[in-house]
4 protein chains.
Amino acid sequence: MAGNTFGQIFKITTFGESHGEAIGVIVDGCPAQLPVDIDYIQAELDKRKPGQSKITTQRKESDTVKILSGVFEGKTTGTPIAMIIPNEDQRSKDYGHNVDVFRPSHADYTYFTKYGIRDHRGGGRSSARETAARVAAGALAKLFLKAKGIEIVAHVSSVGKIDAPNVSIANVQEFIDEREKNIVRCADPATAEEMIAFIDGVRKDGDTVGGKVSCYVKGVPVGLGEPVFDKLHADLGKAMLSINAVHGFEFGSGFSGSEMRGSEHNDIFVKNHLGNVETVTNFSGGIQGGISNGMPIEFRVAFKPVATIMHNQATINSAGDAAEISGKGRHDPCVVPRAVPIVEAMAALVLADQLLRNRASVL
Amino acid sequence: MAGNTFGQIFKITTFGESHGEAIGVIVDGCPAQLPVDIDYIQAELDKRKPGQSKITTQRKESDTVKILSGVFEGKTTGTPIAMIIPNEDQRSKDYGHNVDVFRPSHADYTYFTKYGIRDHRGGGRSSARETAARVAAGALAKLFLKAKGIEIVAHVSSVGKIDAPNVSIANVQEFIDEREKNIVRCADPATAEEMIAFIDGVRKDGDTVGGKVSCYVKGVPVGLGEPVFDKLHADLGKAMLSINAVHGFEFGSGFSGSEMRGSEHNDIFVKNHLGNVETVTNFSGGIQGGISNGMPIEFRVAFKPVATIMHNQATINSAGDAAEISGKGRHDPCVVPRAVPIVEAMAALVLADQLLRNRASVL
Amino acid sequence: MAGNTFGQIFKITTFGESHGEAIGVIVDGCPAQLPVDIDYIQAELDKRKPGQSKITTQRKESDTVKILSGVFEGKTTGTPIAMIIPNEDQRSKDYGHNVDVFRPSHADYTYFTKYGIRDHRGGGRSSARETAARVAAGALAKLFLKAKGIEIVAHVSSVGKIDAPNVSIANVQEFIDEREKNIVRCADPATAEEMIAFIDGVRKDGDTVGGKVSCYVKGVPVGLGEPVFDKLHADLGKAMLSINAVHGFEFGSGFSGSEMRGSEHNDIFVKNHLGNVETVTNFSGGIQGGISNGMPIEFRVAFKPVATIMHNQATINSAGDAAEISGKGRHDPCVVPRAVPIVEAMAALVLADQLLRNRASVL
Amino acid sequence: MAGNTFGQIFKITTFGESHGEAIGVIVDGCPAQLPVDIDYIQAELDKRKPGQSKITTQRKESDTVKILSGVFEGKTTGTPIAMIIPNEDQRSKDYGHNVDVFRPSHADYTYFTKYGIRDHRGGGRSSARETAARVAAGALAKLFLKAKGIEIVAHVSSVGKIDAPNVSIANVQEFIDEREKNIVRCADPATAEEMIAFIDGVRKDGDTVGGKVSCYVKGVPVGLGEPVFDKLHADLGKAMLSINAVHGFEFGSGFSGSEMRGSEHNDIFVKNHLGNVETVTNFSGGIQGGISNGMPIEFRVAFKPVATIMHNQATINSAGDAAEISGKGRHDPCVVPRAVPIVEAMAALVLADQLLRNRASVL
């Protein structure tokens, strides 16, 4: 039973392989009357696309999105919105050598064994190219959330062992502007420089390295999240873990919270000068009992290093015989700069879905 | 749109509040002809129940489970299996003082604001008591998995800053036996002693502390997991994050994998002496491209410290006025020993569901 | 993949067999703050229960319902509501002769072949006893709908070839009162008498006969229904066809509409004296394009004759050898009087679900 | 919560409006390794397309389908299969007069009121054009079913009050050949002539008329159907009722079965000369207890007359003021000849889904 649909109400279904004709998505359940800014959607895609800098893969795709349905005179009609992105720069011959060998730590072996067949070109459906469709859908979700006063922003907070200090999200636009000034998408300029130099070195080694993306959501109303299984942070975790190369998710105090005492960790409720409920600290990351409490949501996503490296590696073929694989094709030395819009998109999909689900909570 | 159902095929729906009549679950989609060992289910529940040791809450519940349907002459019929666990030791007057104040870092405020009403007694539906129903259902899933050669085992790997070394899972029964010899459920005896002493001290301080549970799954066939959204590790992550007090999930190399290079991180395929495909290392944690590759699955779950402490805390009431809460009732100084069977149960539910979903993969 | 859950938002899952301990249901997604009238729920169950008259089965069950969760101080909390109905009058020995023969036109053969095992006592899960759980859940849905001004009423419109004339639903309470005055639940007294006499004769023949139930929904707002697949009448059709013994569903002009011309069939829009949109005729049965248009919804459900008759019948056993079955046990000569509350309950579940789904339609 | 997805495992999501860029579908969950015959899919679409004869609408569309993903070297990969059909012959100016009036018995009023916005051109999403996407997906399902020995065939059994006699399905190909020889798709040649003459007369009157489609499924294994809510006939009923203009569904003995006695209606089990279980009669329509019993499945679908007629009709506009609508555009005098492939497609989708669901029934 395939799993290519995400969401219960704001529901997306994606399709497409790395070297197929096109990739795309149907968004069902987007509420009617939302103005659709196609330039905004394209701009989000541009942040994800390959060939954007020296520290990302050199595959050239314009990732030009086209809307085929569900929008009339610039607004959503409440009917399904199909968006399609043609593939332009497939270099399938680059993968000719891959037909019968399994690249280490890729999905070749598992897809082939599960389905008995695989599209080997460019990783087929397992390629991160598929995430372009998610970014398109997520952009639509972000437009909906903006209309409701909810903002989502993420940045690269770690590359390898290089960690950025916390950066204030008091002014979201400034945060984004600072982040977009550098090609690694870190909102702290000094750390960004260090990261870029490091990644460039890794690239020259023909190697790859992992990193972390931190994400923040502001303006969340109280009440989003559906216990006991569809808690807001559980949905966020599933969304993030479904992104290629993700190996970990934490929110609020995260893994380090497990080392703390309750007397240190509890967030005390107060009413602020505007009469709104706040907490003095926010180890809860904006979510308590699986439901948003109005404080900013904060979470972090850990990405492993991309598996394709420019070194020869030992492996096996489909008969189980020893074989060798040499790194070919075009790949990212570090995926996290391009992952920032994907993380934001997945967060937007979760928040949009939960916002709509919450409308059914009370008589 | 409430979220009290988990799973697509092996699907459970739970009900019940901390101080209500009973808690329970309906398991739909359990395949027919599975022999049901009620004693096994009860034994799993016994590992979760309160009042089991000096380092857990002193609420006394027998957590006696009863099967009401779906089993005939000792085997599942393919029809829904309802299991019910009566509540025995509700002490609702302990919560009389809670009617109108919001306990810090609990779900009181969020539930009240979301629904406009809340059952304040014992935390209502937000209480971890609800997890007993999950353990009952998970036990059934474990019986199904055992019949298919799949074993799940977890233990407490951290309490506060005390970390256990890795313990071999080569012999699962020995691991379990070692773990069950101590009340903190850590399979390393020396660390267990240290943990127990530490928790006892925390308890005397009227405080609480967090910890981590590590879980392993052996005997997984290749092919479980449904990309792109229902990847095996994404489903596991959502399952774990839905457990009370969880703030983080990681699998395989986890967060530290983000600091590694691809040349270090890649798991090389080989064929072993039995002719089966293996990987030399297992940073993938048994999952590649979201699909199991046959290697043991490994993941870790981080629990924050329980929010109820035996100290007075400042807070607000429903009118927003300042109030004070004194710690009353019966609570856990450290929840992770009782979380071990819950983690195993949720893992079993995911694996059972994915095992059945995979039957539809090929013509 | 079992199918014991109905609904997307107002979602019910039922359990229980005819001769098991109990039957019951979990209702998830009922909005919070709805006052729950347990006497109302019991009264609805009383209309369905066996042993209610000489023209229904003589099995004696009180069908006493108990709520185990989800209600606090008389109102729904937004958490799952579990309701349980113990079985009292199982006479399993009546079915001793059934262990290995397949009753004609029952589900014995199909269940046994599908699952490889079956609970033969009283028909197990395939027994109509299961519908008591639906009536309990549907009663809760009806309370929700009443709070929103929506009323559902049904009656027996045909028994065998005896058809009642149309009865006005201008005053719903009068319709119900008239219907409840007779044991066949037909709102036209003259036809009711004819039907009762006929059924009594059929009963004395040891035979059974079918019939039809007509159902009406008043006060429906415009906009319920989710094209293109979850159209309101499609959801109603599935709901009705899931009831035991149902072989047909039609709404509005139904099957006879297929014989009409567009010039006769079209419902012309007008604005009435209150300023509300109406149609001059209502061949649409209150639904256009799968969405309610504010006119009363009307549909009819056809029930085949119950398969258990008090005659000997030829059949086969599980080895395929010829066998004979003699009618034993307690059965209905005509099921439709007891089906009226089930039809209303299923309609209520569909309407409640669609009402909540519609909250997500617009920005 | 929109309803543009159908199926649980073999799951389709459609998109597209009558006058938008394109219509299409994503099929998720089609098992891997199925050979895909694109010519077969196109041939199925050709049976549905407009402009095919004098008794259907004169809109000219080639309905040329293109597969964008999920197929590699001619076989399904287990990944989502996207199929797209461009719109060619939109004549939006034909609908210019419709912007602010509600056509009687169409979906204009309900869509506009539900969403607050509607694409008026050609009926937007409510147009039957959307069914082309279903036929494409259903063709894929039919290929899967053929590989499993299951055949589906339908024909027009009634137009207005003209009913065809039963036609044997002993030889499916002959049935189809006979049906395709005439433009009304009735497998009885004499009745077909009568029907065509009648429809032509209705067309000249500028009017429309309804009809019925009868459908048969052969080669169904025992065991398909998921009680209690997803019974096979309940899923079929929902599928058929979701098709534009459908007002009724019945299977087996249908509505006339409600007039019969159990002693007449029961289907007696026997073992035939091949050793297979059969029933002497088939009033059950091949389904008992909601599960297929191996006998041919038979059902009938009733279509109301299309609402667009070439007469002036009174109506209202969005302000509620009286208005007039004159019939313009291109329309079908009788939709049922084009509905035959749609009915077959929906039946195929249900059967394919249930076939896959049944794989999870037993240990």
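- The name an unreviewed UniProt entry gives chain A is Chorismate synthase, with Mucilaginibacter gynuensis as the organism.
- Per UniProt, the comment on chain A under Sequence similarities (unreviewed entry) is "Belongs to the chorismate synthase family."
- Its UniProt record gives chain A the following Catalytic activity (unreviewed entry) comment, quoted word for word: "5-O-(1-carboxyvinyl)-3-phosphoshikimate = chorismate + phosphate".

**Focus on the overall build of chain A**
- If you tally the helices and strands in chain A, you get nine helices and 18 strands.
- The C-alpha atoms of chain A give 21 Å as radius of gyration, which agrees with the globular expectation for 363 residues (21 Å, within 12%).
- Taking the principal axes of the C-alpha coordinates as reference, chain A spans close to 65 × 50 × 40 Å.
- Residues classed as buried in chain A amount to 70% of the 363 residues present.
- The contacts in chain A between residues at least 6 apart in sequence include a share of 71% that link residues at least 24 apart.
- Seen as two clouds, the 40 positive and the 43 negative side-chain charges of chain A have centres 2 Å apart.

**A word on the relation of the copies chain A and chain B**
- Between the two copies, chain A and chain B, the superposition gives an RMSD of 0.0 Å; the rotation angle is 180° and the shift along the axis is 0.0 Å. Taken together, the rotation and translation describe the operation of a two-fold axis.
- Of the interface residues in chain A, 100% have counterparts in chain B that sit at the interface too, so the contact is made through matching surfaces.

**Some words on the interface of chain A and chain B**
- The interface of chain A with chain B comprises 107 residues on the first partner and 107 residues on the second.
- Note that Arg261(A) and Asp207(B) form a salt bridge whose closest N and O atoms lie 4.0 Å from each other.
- Inspection of the region where chain A meets chain B yields 55 residue pairs in polar contact (both at pLDDT 80 or more).
- Its residues assigned to classes, the side of chain A that touches chain B shows 44 nonpolar, 41 polar and 22 charged.
- In this structure, strand S11 (residues 246-251) of chain A lies alongside strand S11 (residues 246-251) of chain B, joined through three bridges in antiparallel fashion. The residue bridging Phe249(A) from the neighbouring strand is Phe249(B), located in S11(B).

**A closer look at the sheet that holds strand S7 (residues 81-86) of chain A**
All names here are of chain A.
- Taken in spatial order, the five strands make up an open sheet running S1-S2-S3-S7-S4, and their pairing is antiparallel. If you trace the sheet from one side to the other, it starts and ends with strand S1 (5-6) and strand S4 (66-67), each paired once.
- Bridging between strand S3 (residues 22-28) and S7 involves six bridges; their strand directions are antiparallel. Bridged to alanine 22 within S7 is proline 86.

Thresholds, definitions, all that
Throughout this document, residue positions are counted from 1 along each chain, in the order its sequence is written. Working convention: letters from A go to chains and numbers from 1 go to ligands, in the order in which they are written. For a predicted model such as this one, the threshold for reporting local features is a pLDDT of at least 70, and the threshold for listing and counting side-chain atom pairs is 80 or more; totals across whole chains, interfaces and linings nevertheless cover every residue. Only hydrogens and water are set aside; all other atoms, that is, all heavy atoms of the structure, feed into the side-chain values. UniProt positions are given in the numbering used here, feature names are shortened, and annotations may be inferred rather than shown by experiment. Each helix corresponds to a stretch of at least 4 residues labelled H or I by DSSP, and each strand to a stretch of at least 2 residues labelled E; elements are numbered beginning at the N terminus. Atoms counted for the radius of gyration: C-alpha only. Globule rule: 2.2 Å times the number of residues to the power 0.38. Partly exposed residues are those whose accessible area sits between 20% and 50% of the maximum for their type, while under 20% is buried and over 50% is exposed, using a 1.4 Å probe and protein chains only. Residue contacts are counted whenever heavy atoms from the two residues lie within 4.5 Å of one another. For the purpose of charge, His is not counted, nor are the chain termini; Lys and Arg are scored as positive and Asp and Glu as negative. To locate a charge, the coordinates of NZ of Lys, CZ of Arg, CG of Asp or CD of Glu are taken. Here the copies are superposed with least squares, the fitted atoms being C-alpha atoms of residues at a pLDDT of at least 70 in both. Here, a salt bridge means any Lys or Arg side-chain nitrogen found within 4 Å of an Asp or Glu carboxyl oxygen. The definition of a polar contact used here is a pair of N or O atoms within 3.5 Å, where within protein one atom must be able to donate a hydrogen and the other to accept one, and adjacent residues in sequence count solely through side-chain atom pairs. Gly is put with the polar residues, along with every residue not named as nonpolar or charged; the nonpolar set is Ala, Val, Leu, Ile, Met, Phe, Trp, Tyr, Cys and Pro, and the charged set is Asp, Glu, Lys and Arg. Pairs of strands are assigned from DSSP output, requiring at least two bridges between the strands.

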